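Chain by chain, the residues run as shown.
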Amino acid sequence: MRQPFTRELQDLLERGRDRQLRLAVTGLSRAGKTAFLTSLVNQLRHAGLEARLDLLPAAREGRLLGARRVNQQDLGVPRFPYDQAMAALTATPPRWPEPTRGISELRLTIRYRPARRGLLGGDSRQLTLDLFDYPGEWLLDLPLLGLDYPGWCARQRALEGRQRASHFAAWQTAVAGLEPAAEADEAQLAEISEHFAAGLRRAREAGFADLQPGRFLLPGDLTGAPVLQFFPLPGIAAADPGALASLPESSNYATLARRFRYYQQHIVRPFYRDHFRRFDRQIVLVDLLGALNAGPERFQDLSRALANLMQSFDYGQRSLLSRLFAPRIDRLAIAATKADHVTPEQHPHLVALLEALLAEPLKDLRYADVPVRALSLAAIRASESREVESQGRRTPALRGTGLDGEPLLMYPGEVPERLPDDAFWARQGFDFPAFRPLPLERGALPHIRMDVALDWLIGDKLT
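Described below are features of the structure shown in this document. (Residues numbered from 1 in each chain as written. Predicted model: local features only at pLDDT ≥ 70, side-chain atom pairs only at ≥ 80, totals over all residues. Heavy atoms only, no water.)

Notes on the packing of helix α15 (residues 347-357) against helix α16 (residues 359-367)
Running from N to C, α15 and α16 point in directions that differ by 75°, and their axes come no closer than 5 Å. With respect to their mutual orientation, α15 and α16 come out roughly perpendicular. From α15, Glu355, Ala356 and Leu357 reach across to α16, where they touch Ala359, Leu362 and Arg366. Within the contact of α15 with α16, the residues separate by chemical class into four nonpolar, no polar and two charged. (Axes fitted to C-alpha atoms, helices over the stretch in contact; angles between N-to-C directions. Helix = DSSP H or I, 4+ residues; strand = E, 2+ residues; numbered from the N terminus. Parallel < 35°, antiparallel > 145°, perpendicular 65-115°, else oblique. Contact = heavy atoms within 4.5 Å. Nonpolar A, V, L, I, M, F, W, Y, C, P; charged D, E, K, R; others polar.)

Following this line, the structure appears as structure tokens:
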């Protein structure tokens, strides 16, 4: 009992001295969370040596001494697999790390010299940085906390675009004859639930983002449990609430509604309470290029998913007391990932499109006086910028290696500066390819603007 109490007391003291930060790396599936966390640790570990962090003042001025991984606070949570990720990136040929499939944490201690004492005078200081990783699929469940079962059914119905609905054809057929008032058949509900889960998996593979429940996509140890055997009932939103409430507890409707509430209270709420309400800083990673490649319906799906997701976080300025006992996110970065998949002159367009996509959430954040910055980055650079000469004209291009090992030299296309309309989609085509990582011979991982992200997220604590 003594050791955990001592550790918690030490953490409380460090937070009181403003020398501990909890950073949430947030993003939907395939946004690049694992790559970002791996690069962040790698850059800080190499600080003062081979890391290229010119836009982080503490590194540029020679005050950033480096970082070390230490034991995390919660011994019941797996450690972020940094070593496994680096092994994949340094393999021959290099490959991308395995995506996140569960919750993990990592604690770093960062040593630096304070700016006001100069390079030669005064002792170094230490900042503790706690990093959290979790599946993007599970994030999508946070908005469920604001819905009841009929409201969730109505929301699922509203999402049914033509392309999205095609992935749920088998489920639509299976659920069509299910009567809400009929006696629930456990085997039938399990079968229909599996059709619904299969539709979610197909939609994810097709590039859709707004998919609930998230645990249906990554069930883990809940596989086969009744808590993952529910689905939306067609027509419920238009039904009389009083009539629904009077249905017997053994009915299909009451059984599904009960499982939905259990999922909310025992799966989603503890996940939010135990992890998201403790964050100080946050970066939201967005794969805009993947959404542009996938087409207009999936691009709108991403916009809707992100807007709903950002309403689930607790943003606001902190006082000392709130920092100690009720942390809130007081600084936010939103980042368009995979900036190395477009040519450099397109990077400002990528940021402008990101700001347009999240225009409404950003207005709310600025109204709440929460510092927020939009940027584009590549946590682990996978291409090199080149120019190609043709008929006397020089055209920007990217050189890299495709996932299949094929050498690529190409111009991927233009990124729109504003939200695309129907006419834009009709005349534009995109080919933002997937590259494998660049070979790493030594030193820190190559990146684009990781130093900018680090400066925004932790730079003020390194002064």
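Now that the structure has been shown, the text picks up again.
Focus: the environment of Gly151
Following the sequence through the fold, Gly151 ends up in helix α6 (residues 149-158). In this structure the C-alpha to C-alpha distance between Gly151 and Glu105, which are 46 residues apart in sequence, comes to 34 Å.

A look at helix α4 (residues 82-89)
Taken as a whole, α4 has its buried residues at Tyr82, Ala85, Met86, Ala88 and Leu89. Taken around the axis of α4, the buried residues stretch over an arc of 155°, which confines them to a single face. Where α4 is buried, its residues touch α2 (33-45) and β2 (64-70). (Buried < 20%, exposed > 50% of the residue type's maximum accessible area, 1.4 Å probe, protein only. Arc of directions from axis to C-beta.)

Focus on the nonpolar core
Of all hydrophobic cores here, the largest spans 83 residues; its most connected members are Tyr149, Phe231, Leu233, Leu288, Leu292, Leu302 and Ile334. Sorting elements by how many residues they give to this core places helix α11 (residues 252-275) first, with nine residues. In this view, Ile334 contacts Val284, Met310, Leu354, Leu358, Leu362, Arg373, Ala374 and Leu375; residues no more than four positions away in its chain are not counted. (Core = buried A, V, L, I, M, F, W, Y, C linked by side-chain atoms within 4.5 Å.)

Notes on unusual backbone geometry
With omega at -5°, the peptide bond leading from Thr92 into Pro93 counts as cis. Looking at the element boundaries, Pro93 is found in the loop between α4 and β3 (104-112). Omega for the peptide link from Gln212 to Pro213 comes to -5°, which places this bond in the cis form. Structurally, Pro213 can be placed in the loop between α9 (186-205) and α10 (241-245).

A closer look at the environment of Arg68
Take Arg68: it is sitting in strand β2. What makes Arg68 exposed here is its relative accessible area of 52%. Expressed as a C-alpha distance, the spacing of Arg68 and Ala184, which sit 116 residues apart in the sequence, is 55 Å. Residues in contact with Arg68, not counting those within four places in the same chain, are Arg45, Arg107, Leu108 and Thr109.

Re the pattern of salt bridges
Applying the stated criterion across every chain, the model contains 20 salt bridges. Here Arg69 and Asp83 are joined by a salt bridge, their closest N and O atoms 3.1 Å apart. Placement of Arg69 in strand β2 and of Asp83 in helix α4 is noted, with a sequence separation of 14 residues between them. Owing to a relative accessible area of 23%, Arg69 belongs among the partly exposed residues under this scheme. (Salt bridge = Lys/Arg side-chain N within 4 Å of Asp/Glu carboxyl O.)

Some words on the sheet that holds strand β4 (residues 125-133)
Here seven strands make up an open sheet; going across it, the order is β2-β3-β4-β1-β5-β6-β7 and the pairing mixed. Only two strands of the sheet have a single partner each, and these edge strands are β2 and β7 (372-376). On average, each strand axis in the sheet is tilted by 20° relative to the strand beside it, whichever way the strands run. Where strand β5 (residues 281-286) lies against strand β6 (residues 331-336), six bridges are found, and the strand directions are parallel. Bridged to Ile283 within β6 is Ala333. Across the face of the sheet, helix α13 (residues 296-310) comes into contact with β1 (20-27), β5 and β6 while running at roughly 170° to β5. (Pairing = 2+ DSSP bridges.)

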